[in-house]
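Observations on the model geometry
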Amino acid sequence: VPDMKKANYLSRWYPETNQQLKNGIPLPGILWAGAALPAWIRVVFRDPAIHVAGYSTGARGALMTAAFFPSSFKGVGYISGDWDIHEDKGELYKMAYGPVGEFRKRWVLDNAACLVDSFRDLRVYAAHSSLDRTTPASQTMMMKEALERAGVTCRIDIDDHGGHNWDYWNSKIPQLFSFLF
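Cut-offs and rules
Residues numbered from 1 in each chain as written. Predicted model: local features only at pLDDT ≥ 70, side-chain atom pairs only at ≥ 80, totals over all residues. Heavy atoms only, no water. Pairing = 2+ DSSP bridges. Helix = DSSP H or I, 4+ residues; strand = E, 2+ residues; numbered from the N terminus. Axes fitted to C-alpha atoms, helices over the stretch in contact; angles between N-to-C directions. Contact = heavy atoms within 4.5 Å. Phe/Tyr/Trp six-rings, centres within 6.5 Å; stacked < 30°, edge-to-face > 60°. Buried < 20%, exposed > 50% of the residue type's maximum accessible area, 1.4 Å probe, protein only. Lys NZ or Arg CZ within 6 Å of the ring centre and 35° of its normal.

A look at the sheet that holds strand β4 (residues 153-159)
Taken together, the 4 strands give an open sheet; going across it, the order is β1-β2-β3-β4, and neighbouring strands pair in parallel fashion. Among the strands making up the open sheet, the edge pair consists of β1 (51-55) and β4. On average, each strand axis in the sheet is tilted by 5 degrees relative to the strand beside it, whichever way the strands run. Strand direction decides the pairing type here: strand β2 (residues 75-79) and strand β3 (residues 123-129), joined by 5 bridges, are parallel. Of the residues in β3, the one forming a bridge with tyrosine 78 is alanine 126. Contacting β1 and β2, helix α2 (residues 57-68) runs over the sheet at an angle of about 155 degrees to β1. On the sheet, helix α6 (residues 166-180) packs against β1, β2, β3 and β4 and is oriented at approximately 155 degrees with respect to β3.

And the structure:
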């Protein structure tokens, strides 16, 4: 679970839609996380059972990394994340991909909701607080419905306590580990 700062977990960078990228080096994204990390983990820990997990934007990153590299992971943990970036009308993804009407292909390529079949051989644990005011729990409910329709082995917890914060995320770690391992 690397701290990716403001990576937004893109499959590629689009400097023409983000002025901040014109003068700087892009942060690592999905391709780096899916290619470099499992290789490093296998060398250092010699454990073939690798899982990827994240919270908030990192939850989306974990899903996308697993979707792009499903054979590299056994499971994915997702807490308080965005399942369908089309549902988020904010600036977070528009800043990275540009307007959806103009760059639809980008919005589909990097959208977990469009990649459901990629999760078929993975175990997926997801949790979300219904009190989360940053990312709505409806994102995780949509994910639950899509994964169950596709026959993906998953456990989805929607809680009536917590929020979009470390107290909630840390409270879900035991369930995440119990399900994935």
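Digging into the packing of aromatic side chains
Applying the stated rule across the entire model yields 8 aromatic pairs. Ring centres 6.1 Å apart and planes at 45 degrees place the aromatic pair tryptophan 83 and phenylalanine 119 in the tilted group. Here tryptophan 83 is found in the loop between β2 and α3 (91-97), whereas its partner phenylalanine 119 is found in the loop between α4 (104-109) and β3, with 36 residues between them in sequence. For the residue pair tryptophan 83 and phenylalanine 119, the accessibility class agrees, reading buried in each case. An aromatic cluster is built from Tyr55, Trp166 and Trp169, whose rings are joined through pairwise contacts. Its end group placed over the ring of phenylalanine 103, arginine 106 keeps NZ or CZ at 3.8 Å from the ring centre.

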